[in-house]
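Structural characterization, general
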Amino acid sequence: GDCVVLCTETFNQLASTFKAMWPIRDDWGPDLAGRSAVIGRGKHRNSLNPLFKLQYQLPRQVFVAHRRGRLISVLSKLHHRIELAPGLWTVIMAFVGEALREGHESR
């Protein structure tokens, strides 16, 4: 199946210093409205396990946060500039998969 791969290298060494990959869905596209932003098994977990950051937080920070953040930022700007029917912005944000933050309620 499809996956995202993170590989870090150190100058003057042949082997990678770190390699990891996580499965993604066929419709993965965190920077596109209506597309998936799920990496790995897609379960949000809280854990005291030291591997938690590597397994769940790192891939979201590297591959999703910036892309999805840009999409949400653009939609937020449009929300403030364009008045739509009541509740329509909530539907749009639900389609993207993000809840409206406080101060961004539908008009």
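Residues numbered from 1 in each chain as written. Predicted model: local features only at pLDDT ≥ 70, side-chain atom pairs only at ≥ 80, totals over all residues. Heavy atoms only, no water.

For the rest of this paragraph, the subject is a nonpolar patch on the surface. A contiguous nonpolar surface patch, about 220 Å² in accessible area, is contributed by Val74, Leu78 and Ile82. Locating Val74 in the fold gives a position in helix 1 (residues 52-81). (Patch = residues over 30% accessible without salt bridge, like charges linked within 9 Å, V, L, I, M, F, W, Y side chains within 5 Å. Areas by Shrake-Rupley, 256 points an atom, 1.4 Å probe, with all protein chains shown as cover. Salt bridge = Lys/Arg side-chain N within 4 Å of Asp/Glu carboxyl O. Helix = DSSP H or I, 4+ residues; strand = E, 2+ residues; numbered from the N terminus.)

Here we take up the confidence of the model for the protein. Within the protein, residue pLDDT values average 76, and 78% of them lie at 70 or more. Scored below 50 in pLDDT, residues 99-107 makes 24 contacts in the model with residues more than four places away or belonging to other chains. (pLDDT = per-residue confidence, 0-100. Contact = heavy atoms within 4.5 Å.)

Let us look at the nonpolar core. Within the largest apolar cluster, ten residues are counted, these being Val4, Leu6, Ala20, Trp22, Ile24, Trp28, Ala37, Ile39, Phe63 and Val64. Mapped by element, the contributors of at least two residues to this core are strand 1 (3-8), strand 2 (18-23) and helix 1. Those residues in contact with Leu6, other than ones at most four positions away along the chain, are Phe18, Lys19, Ala20, Trp22, Leu58, Val62 and Phe63. Within the second largest apolar cluster, six residues are counted, among which are Ile72, Leu75, Trp89 and Val96. (Core = buried A, V, L, I, M, F, W, Y, C linked by side-chain atoms within 4.5 Å. Buried < 20%, exposed > 50% of the residue type's maximum accessible area, 1.4 Å probe, protein only.)

Below, the discussion takes up the side chain of Ser36. With respect to the helices, strands and loops of the structure, Ser36 is situated in the loop between strand 2 and helix 1. By relative accessible area, Ser36 is classed as buried at 5%. A polar side-chain atom of Ser36 sits 3.1 Å from the main-chain amide nitrogen of Val38. The contact partners of Ser36, leaving out residues within four places of it in the chain, are Arg25, Asp27, Trp28, Gly29, Pro30 and Arg68. (Polar contact = N/O pair within 3.5 Å; in protein donor to acceptor, adjacent residues only side chain to side chain.)

On to the environment of Val4, then. Secondary-structure assignment places Val4 in strand 1. The exposure class assigned to Val4 is buried, which follows from its relative accessible area of 7%. Taking the C-alpha atoms as reference, Val4 lies 7.9 Å from Phe63; in sequence the two are 59 residues apart. Look past the residues within four positions of Val4 in its chain and what remains in contact with it is Ala20, Met21, Trp22, Ile24, Trp28, Ile39 and Phe63.

What follows concerns the pattern of salt bridges. Pairing between side chains of opposite charge can happen when their charged atoms approach one another. Enumeration according to the criterion identifies one salt bridge in this entry. For Arg25, the salt bridge identified is with Asp27, shortest N-O distance 2.9 Å. Given a relative accessible area of 46%, Arg25 falls into the partly exposed group. Residue classification places Asp27 among the partly exposed positions, given a relative accessible area of 27%.

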